[in-house]
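Structural description and commentary
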Amino acid sequence: MSPVRIASVELRATVAQHSQGPNDALPQVAFAGRSNVGKSSLLNSLFGQRLALVSKTPGKTRTLNYYLVNQQCYFVDLPGYGFARIGREQRQSWGTNITSYLREERRLRLVVGLIDPRIPTSPLDLDLAAFVRQAGTPLLLVMTKTDRVGRGALAQAAARIARELGEGVPPLAFSAQTGAGHKEILTAVAKALAA
Ligand SMILES: Nc1nc2c(ncn2[C@@H]2O[C@H](COP(=O)(O)OP(=O)(O)OP(=O)(O)O)[C@@H](O)[C@H]2O)c(=O)[nH]1
Ligand SMILES: [Mg+2]
């Protein structure tokens, strides 16, 4: 399978609840992970354009942002989880919002779960993997910011993530800085859309 070649992309919807998202039948691919893990940076890097907001401060993306790719599918940038500085109530509503999206969205074909290889697995990462598997949606784990990690440490992190989150399957390695992992992610997306 060859990778999806992104010929066109536009931001189509920015919503607080997934029920307010696009109501056409196009398939969706969601990008999920803890706050600041690099979701928006990964999308910008795949798009070759700065469409998604990126910040050094965690909690930048607070809405579900639907990017229409090739008039064919949506890439959905989700709010990050586990951001400590927002209030408990708001955190819970984000949590229920994202979990209901992951559980209920019938058009969701693939969840790309982003993991920072430098940070130990959190209970929220485990929840994400569990929700997605329960819903029967394919999960692709991707390590972000790999330009910041040496080879040995990266191999160790990959083995740990495979064991703790991947049911033995190692994650892909990605860097928005170098573009490493582009082809692999877009090939996995092509497979999920064709399935
Ligand atoms: N070195 C390096 N830094 C990165 C990479 N990807 C993201 N960053 C940095 O990490 C920070 C957070 O990136 P975002 O893309 O905003 O992360 P996010 O997951 O969308 O964050 P929220 O929207 O807050 O959930 C920014 O300072 C980015 O520049 C990468 O591949 N390499
Ligand atoms: Mg973001």
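Everything below is about the structure printed above this text.
Below you will find a few notes about this structure. Just so we're clear, the structure is a prediction, and the values are computed from it rather than from any experiment.

What counts, and where the lines are drawn
- Residue numbers run consecutively from 1 along every chain, following the written order of its sequence.
- Here the convention is simple: chains get letters from A, ligands get numbers from 1, in the order in which they are written.
- In keeping with the predicted nature of the model, local features appear solely for residues at pLDDT of at least 70, side-chain atom pairs appear and are counted solely at 80 or more, and the whole-chain, interface and lining totals rest on all residues.
- For side-chain calculations, the full set of non-hydrogen atoms in the structure is used, while hydrogens and water are omitted.
- A helix here means a DSSP run of H or I that spans at least four residues, while a strand means a run of E at least two residues long, and both kinds are numbered starting from the N terminus.
- Note that the radius of gyration is over C-alpha atoms, with the globule rule given as 2.2 Å times the number of residues to the power 0.38.
- Buried means the residue's accessible area, taken with a 1.4 Å probe over protein chains only, is under 20% of the maximum for its type, while exposed means over 50%, and partly exposed covers the values in between.
- Two residues form a contact once any of their heavy atoms are found within 4.5 Å.
- Where accessible areas are quoted, they stem from the Shrake-Rupley method and a 1.4 Å probe; at the residue level, only the protein chains shown are allowed to cover.
- If DSSP finds at least two bridges between two strands, the strands pair.
- All axes here are fitted lines through C-alpha atoms, helices being fitted over the stretch that makes contact, and every angle between N-to-C directions spans 0 to 180 degrees.

In this section: the overall build of the protein chain. Secondary structure summary: the protein chain contains 5 helices and 7 strands in total. Counted from the first residue to the last, the protein chain has its helices and strands arranged as β-β-α-β-β-α-β-α-β-α-β-α. In terms of C-alpha radius of gyration, the protein chain reaches 15 Å, essentially the compact-globule figure of 16 Å for 195 residues. Overall, the C-alpha framework of the protein chain stretches about 45 × 45 × 30 Å when taken along its three principal axes. Counting only residues that meet the buried cut, the protein chain has 50% of its 195 residues in that class. Pairs at least 24 apart in sequence give 74% of the contacts found in the protein chain among residues at least 6 apart. Here the protein chain has roughly 9,700 Å² of accessible surface; of this, 50% comes from carbon and sulfur atoms.

Time to look at unusual backbone geometry. Unlike most non-glycine residues, N36 shows phi in positive territory, near 80 degrees. In this structure, N36 sits in the loop between β2 (28–33) and α1 (39–47). For N36, a relative accessible area of 33% corresponds to the partly exposed category.

Further remarks concern the side chain of T137. For T137, the location among the structural elements is in the loop between α3 (123–135) and β6 (139–143). If sequence neighbours within four positions are ignored, T137 has contacts with L108, R109, L110, V111 and V132.

For the rest of this paragraph, the subject is the sheet that holds strand β5 (residues 108–115). Sheet architecture is open: 7 strands sit in the order β1-β3-β4-β2-β5-β6-β7, paired in mixed fashion. Strand pairing shows two members of the sheet lacking a second neighbour, β1 (9–15) and β7 (172–173), which therefore form its edges. Across 6 bridges, the pairing between β2 and β5 is parallel. Bridge assignment links Q28 to a residue of β5, and that residue is L108. Helix α4 (residues 151–164) rests against β5, β6 and β7 of the sheet, and its axis sits at about 155 degrees to β6.

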